[in-house]
Amino acid sequence: MVKEASSTKRRSYVYGPVASWRLGRSLGIDPLNPPKTCTFDCVYCQLGKTARKVSEPLSPRECPEVGGVVQELREKFGKTLPKTLDYVTVSGFGEPTLYPFLKELALAIKSVVLRVPLAILTNSSLLHRSDVRDALRFFDLVVAKLDAPTQELFELINQPSSDLKLDQVVNGLKELRKLIGRKLAIQVMLLKSSKDQKLNNAEISVIKELSKVLSEVLPNVVYLNTPTRPPREPHIEPLKPSELIAAKEVLRSSLPEEVAIETYSPQTLAAAPLLKKPSEEEVLNLLRRRPCRLVDVALALQANIDEANKVIDELLKKELVEATRHAGEVYFKTKL
Ligand code: SF4
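In this text, all values refer to a predicted model and were calculated from it rather than measured experimentally.

### Concerning the pattern of salt bridges
Tallied over the full model, the rule gives 22 salt bridges. The partner of Arg-293 in a salt bridge is Asp-296, with the nearest N and O atoms 2.9 Å apart. Between Glu-314 and Lys-317 there is a salt bridge whose closest N-O contact spans 3.7 Å. Residue Glu-314 and its partner Lys-317 are located together in helix H12 (residues 305–317), separated by three residues, close to a single helical turn. The exposure class of Glu-314 is partly exposed, given its relative accessible area of 33%. Relative accessible area serves as the criterion here: at 63%, Lys-317 is assigned to the exposed category.

The structure is reproduced here in structure tokens:
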């Protein structure tokens, strides 16, 4: 049974699988009840304005119990799904480290999903707390946000709760790195604004500052992203593929070799205005010739990755396609 506060509305805790350029086909788990609750109110947030801005984990009575969330996962997981998933990811409608039973949730999810790796997407705001860092030890991958190297840009871009400081965030990331080692990825959202020149973290001077902070944190990988979905503030603009590549080059020249850098696929981005849903026949034709990951299908067909994911879902349901795991990644091929 899911116990909920009477003021909150019940909704599904498990969603997807959704397509992610970083995590492939990922089944999402969102343990927070609406409305959107976060420690930040990022200008680029695709979920709209933060309804409840908080600075510490929620009280247990405001949240679903672990058993209710995991029961729903168990029902959805079934027999076929594990073969088609790259990750199960705790993420969703707000900041997931606000969930007060995060460690218990991770352990319970792992007991269901077994060999499918478990990831979490966090905005890093609560990493100064040892209880939150301790819970993150039970994930196979932590993708943590860091968009700004200065307090001023942090406030402009992420609009954090007033008592959250960038120093705390960076120190929390360093402590987490000591605890979980190479399971740490940092995601940076690079953007500019048509209204406010200061709202720009893609300037070369800012990227250089950011690289100093990232060198201290030393994540396994840095994901450079840019807002491609409608942002909360309409004046927020994504970077062009060439600007993303320039940012990557600046980071590459200053970060240690051991830190990998991946950018949102410029090929997919370049095709953004022409995004199409591929037909089932196009996907089948491709998979008949070679097994592909979701991202390979999207790139090969110059298609939107979400739309390619939906077509693959349909083909899996019709049993025209099957999934196999190779070197830790999920490949789709036609059934013989
Ligand atoms: S941290 Fe994530 S959920 Fe929160 S406001 Fe920023 S983008 Fe939205």
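Picking up where we left off.
### Let's talk about the site of the ligand
Around the ligand, the neighbouring residues are Lys-36, Cys-38, Phe-40, Asp-41, Cys-42, Tyr-44, Cys-45, Thr-50, Asn-123 and Lys-145. Considering only residue class, the shell around the ligand consists of five nonpolar, two polar and three charged.

### Quick look at the domain arrangement of the protein
Structurally, the protein comprises domain 1 (14–270) and domain 2 (274–336). In this assembly, 18 residues from domain 1 lie in contact with 16 residues from domain 2. Counting the surface lost from both domain 1 and domain 2, the interface buries some 1,300 Å², and carbon and sulfur atoms represent 50% of this. Here domain 1 and domain 2 share one salt bridge between them. Two residues, Arg-25 and Asp-313, come together in a salt bridge whose shortest N-O distance is 3.1 Å. Here domain 1 is connected to domain 2 by five residue pairs in polar contact (both at pLDDT 80 or more). Counting residues per element, the ones that place at least two in the side of domain 1 that touches domain 2 are strand E1 (14–20), strand E2 (24–29), helix H2 (81–84) and helix H9 (266–270).

### Quick look at the environment of Ala-185
Within the secondary structure, Ala-185 is located in strand E8 (residues 184–189). Sequence-wise, Ala-185 and Val-143 are 42 residues apart; in three dimensions their C-alpha atoms are separated by 4.7 Å. Ignoring any residue separated from it by four or fewer positions in sequence, one finds Ala-185 in contact with Leu-141, Val-142, Val-143, Ala-144, Pro-219, Val-221 and Tyr-223.

### Quick word on the packing of aromatic side chains
Taken as a whole and assessed by the stated rule, the structure comprises three aromatic pairs. For the pair Trp-21 and Tyr-223, a centre-to-centre distance of 5.7 Å together with 80° between the ring planes defines the contact as edge-to-face. You can see Trp-21 sitting in the loop between E1 and E2 and its partner Tyr-223 sitting in strand E10 (residues 221–225), a full 202 residues away along the chain. Side by side, Trp-21 and Tyr-223 carry an identical accessibility label, which is buried. Centroid distance Phe-40 to Phe-154: 5.5 Å. Interplanar angle 80°. Geometry classified as edge-to-face. Here Phe-40 is found in the loop between strand E3 (37–38) and strand E4 (52–53), whereas its partner Phe-154 is found in helix H5 (residues 151–158), with 114 residues between them in sequence.

### Examining the packing of helix H7 (residues 204–217) against helix H8 (residues 241–254)
Taken N-terminus to C-terminus, the directions of H7 and H8 make an angle of 40°; their axes are 9 Å apart at the nearest point. Here H7 lies oblique to H8, going by the angle between them. At the point where H7 passes H8, the crossing takes the right-handed sense. Counted together, Ile-204, Ile-207, Lys-208, Ser-211, Leu-214 and Ser-215 of H7 and Ala-247, Val-250, Leu-251 and Ser-254 of H8 form the full contact between these two elements. A breakdown of the residues in the contact of H7 with H8 according to their chemical character gives six nonpolar, three polar and one charged.

### Describing the environment of Asp-306
Checked against the element boundaries, Asp-306 lands in helix H12. Asp-306 gets classed as partly exposed once you look at its relative accessible area, which sits at 24%. When the C-alpha atoms of Asp-306 and Leu-294 are compared, they prove to be 9.4 Å apart, with twelve residues separating the residues in sequence. Every residue in contact with Asp-306, bar those within four places of it in the chain, is listed here: Ala-19 and Arg-229.

### Quick look at the nonpolar core
The biggest cluster of nonpolar side chains holds 89 residues, and the ones touching the most others in it are Phe-77, Val-88, Ile-109 and Leu-146. Tallying contributions element by element places helix H3 (residues 102–113) first for this core, with seven residues. Here Ile-109 is in contact with Ile-29, Val-70, Leu-73, Val-88, Val-90 and Leu-118, once residues within four sequence places are set aside. Of all hydrophobic cores here, the second largest spans 21 residues; its members include Val-283, Val-297, Leu-315 and Val-330.

Calculation notes
- Residues numbered from 1 in each chain as written.
- Predicted model: local features only at pLDDT ≥ 70, side-chain atom pairs only at ≥ 80, totals over all residues.
- Heavy atoms only, no water.
- Salt bridge = Lys/Arg side-chain N within 4 Å of Asp/Glu carboxyl O.
- Helix = DSSP H or I, 4+ residues; strand = E, 2+ residues; numbered from the N terminus.
- Buried < 20%, exposed > 50% of the residue type's maximum accessible area, 1.4 Å probe, protein only.
- Near = heavy atom within 4 Å.
- Nonpolar A, V, L, I, M, F, W, Y, C, P; charged D, E, K, R; others polar.
- Domains from an automatic or database assignment.
- Contact = heavy atoms within 4.5 Å.
- Buried area = accessible area lost by both parts, 1.4 Å probe.
- Polar contact = N/O pair within 3.5 Å; in protein donor to acceptor, adjacent residues only side chain to side chain.
- Phe/Tyr/Trp six-rings, centres within 6.5 Å; stacked < 30°, edge-to-face > 60°.
- Axes fitted to C-alpha atoms, helices over the stretch in contact; angles between N-to-C directions.
- Parallel < 35°, antiparallel > 145°, perpendicular 65-115°, else oblique.
- Left-handed = near helix turned anticlockwise from the far one by under 90°.
- Core = buried A, V, L, I, M, F, W, Y, C linked by side-chain atoms within 4.5 Å.

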